[in-house]
Amino acid sequence: NYFGRFVPDHFAVSAATPTAACTSGVSPFTYFGQDGFATPFVLTAQNAGNGTTQNYTGGFARLDLTSWSSFGFATSAALPSGAVLSAGGTNPSGAWNAGSASVLAKHQISRPAAAVGETAVIVTARPADKDGVTTASALAVQSGATPLRFGRLRLISGQGSELAPYVVRSEAQYWKKSYWQTNIA
């Protein structure tokens, strides 16, 4: 009845379309420093012949799907100076079922040291479980890049009576390589 754990040879990743934190408008995007752009992907435990290790489930699965550090997330290209990839405000989610898991991880990339134009980022993963099972190299978890914008909220000056309430107008802007663009999205 008991004969030990099932240890896969490696993991495989099936990338999916990322979800930007700002999804209104024509082209979704995420601001640098904004919490929550998401990467859904499928992680599969595989044997040496690339078949699914179906018993890698429940207590036999040794990769914690709810820990951001289990995945070895990184970006496929260098980030602007001062920008760092980190976990979003919520832990990744997923559950093992017959050797596969649908995972949803949220990320945040900190604000760079200086204003930069829109930057496209692809997140990669190199998951590793407690038995040392991993991938041969980091694999993309996104089928497309996530656009990141360096943004600000501009307060617009005005005047009014000191005896009446005054509404301060503002607008969202992002850096467009050489000037601040009003963000209509």
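Our subject is the structure that appears above.
A short tour of the structure in this document, coming up. (Residues numbered from 1 in each chain as written. Predicted model: local features only at pLDDT ≥ 70, side-chain atom pairs only at ≥ 80, totals over all residues. Heavy atoms only, no water.)

**Thoughts on the overall build of the protein chain**
Along its length, the protein chain carries 0 helices and 14 strands. The linear arrangement of helices and strands in the protein chain, starting from the amino end, is β-β-β-β-β-β-β-β-β-β-β-β-β-β. Against the globule reference of 16 Å for 185 residues, the protein chain gives a C-alpha radius of gyration of 21 Å, more extended than a compact globule. Seen along its three principal axes, the alpha-carbon backbone of the protein chain occupies a region of about 85 × 35 × 30 Å. Looking at the protein chain as a whole, 36% of its 185 residues qualify as buried. Of all intrachain contacts in the protein chain linking residues separated by at least 6 positions in sequence, the fraction that spans at least 24 positions is 66%. Accessible surface computed for the protein chain: about 10,000 Å², of which carbon and sulfur atoms make up 52%. In the protein chain, which carries 12 positive and 8 negative side-chain charges, the distance between the mean positions of the two groups comes to 7 Å. (Helix = DSSP H or I, 4+ residues; strand = E, 2+ residues; numbered from the N terminus. Rg over C-alpha atoms; globule rule 2.2 N^0.38 Å. Buried < 20%, exposed > 50% of the residue type's maximum accessible area, 1.4 Å probe, protein only. Contact = heavy atoms within 4.5 Å. Areas by Shrake-Rupley, 256 points an atom, 1.4 Å probe, with all protein chains shown as cover. Lys, Arg positive; Asp, Glu negative; His and termini not counted. Charge placed at Lys NZ, Arg CZ, Asp CG, Glu CD.)

**Examining the side chain of T146**
Position of T146 relative to the elements: it lies in strand β11 (residues 146-149). Within the structure, the side chain of T146 is placed 2.8 Å from the side chain of Q142, a separation counted as a polar contact. Excluding its chain neighbours within four sequence positions, the residues that come into contact with T146 are P18, T30, F37, T119, A120 and V121. (Polar contact = N/O pair within 3.5 Å; in protein donor to acceptor, adjacent residues only side chain to side chain.)

**Observations regarding the pattern of salt bridges**
A complete count under the given rule lists 3 salt bridges for this structure. A salt bridge links E118 to R149, with the shortest nitrogen-to-oxygen separation between them at 2.7 Å. On the criterion of sequence distance, the pair formed by E118 in the loop between β7 (100-109) and β8 (119-121) and R149 in strand β11 is long-range, its members being 31 residues apart. Using a relative accessible area of 44% as the deciding quantity, one classes E118 as partly exposed. Among the salt bridges present, the one from E171 reaches R154, with a minimum N-O distance of 3.2 Å. (Salt bridge = Lys/Arg side-chain N within 4 Å of Asp/Glu carboxyl O.)

**What to know about the nonpolar core**
Within the largest apolar cluster, 29 residues are counted, with the highest numbers of intra-cluster contacts made by L43, F71, F73 and W96. Sorting the residues of this core by element identifies β1 (10-14), β3 (37-46), β7 and β9 (123-125) as the ones contributing at least two each. Contacts of F73, omitting those with residues within four sequence positions, involve F41, W68, L85, A105, H107, V123, T124, A125 and V141. (Core = buried A, V, L, I, M, F, W, Y, C linked by side-chain atoms within 4.5 Å.)

**Some thoughts on the sheet that holds strand β4 (residues 74-75)**
Two pairing modes exist for strands in a sheet, parallel and antiparallel, and in both the strands are linked by backbone hydrogen bonds. Pairing is antiparallel across the open sheet formed by 3 strands, whose spatial order is β4-β9-β10. Each end of this open sheet is capped by a strand with a single partner; those strands are β4 and β10 (139-140). In this structure, β4 lies alongside β9, joined through 2 bridges in antiparallel fashion. Its bridge partner lying in β9, A74 is registered against T124. (Pairing = 2+ DSSP bridges.)

**Examining the packing of aromatic side chains**
If you walk through the whole model with that rule in mind, you get 10 aromatic pairs. Here the aromatic cluster, defined as three or more aromatic residues joined through ring pairs, consists of F41, W68, F71 and F73. Of note, R111 hangs over the ring of F150, and the distance from its end group to the ring centre comes to 3.9 Å. (Phe/Tyr/Trp six-rings, centres within 6.5 Å; stacked < 30°, edge-to-face > 60°. Lys NZ or Arg CZ within 6 Å of the ring centre and 35° of its normal.)

**Observations regarding the environment of T90**
Along the polypeptide, T90 turns up in the loop between β5 (85-87) and β6 (96-97). Residue T90 is classed as partly exposed on the basis of its relative accessible area of 44%. For the pair formed by T90 and E171, sequence separation is 81 residues and the distance between their alpha carbons is 28 Å.

**Considerations on unusual backbone geometry**
Positive phi outside glycine occurs at N50, with the angle close to 65°. Turning to its location among the elements, N50 is positioned in the loop between β3 and β4. In this structure, K177 takes a positive phi of about 70° despite not being glycine. Along the polypeptide, K177 turns up in the loop between β13 (169-175) and β14 (180-182). Residue classification places K177 among the exposed residues on the basis of a relative accessible area of 70%.

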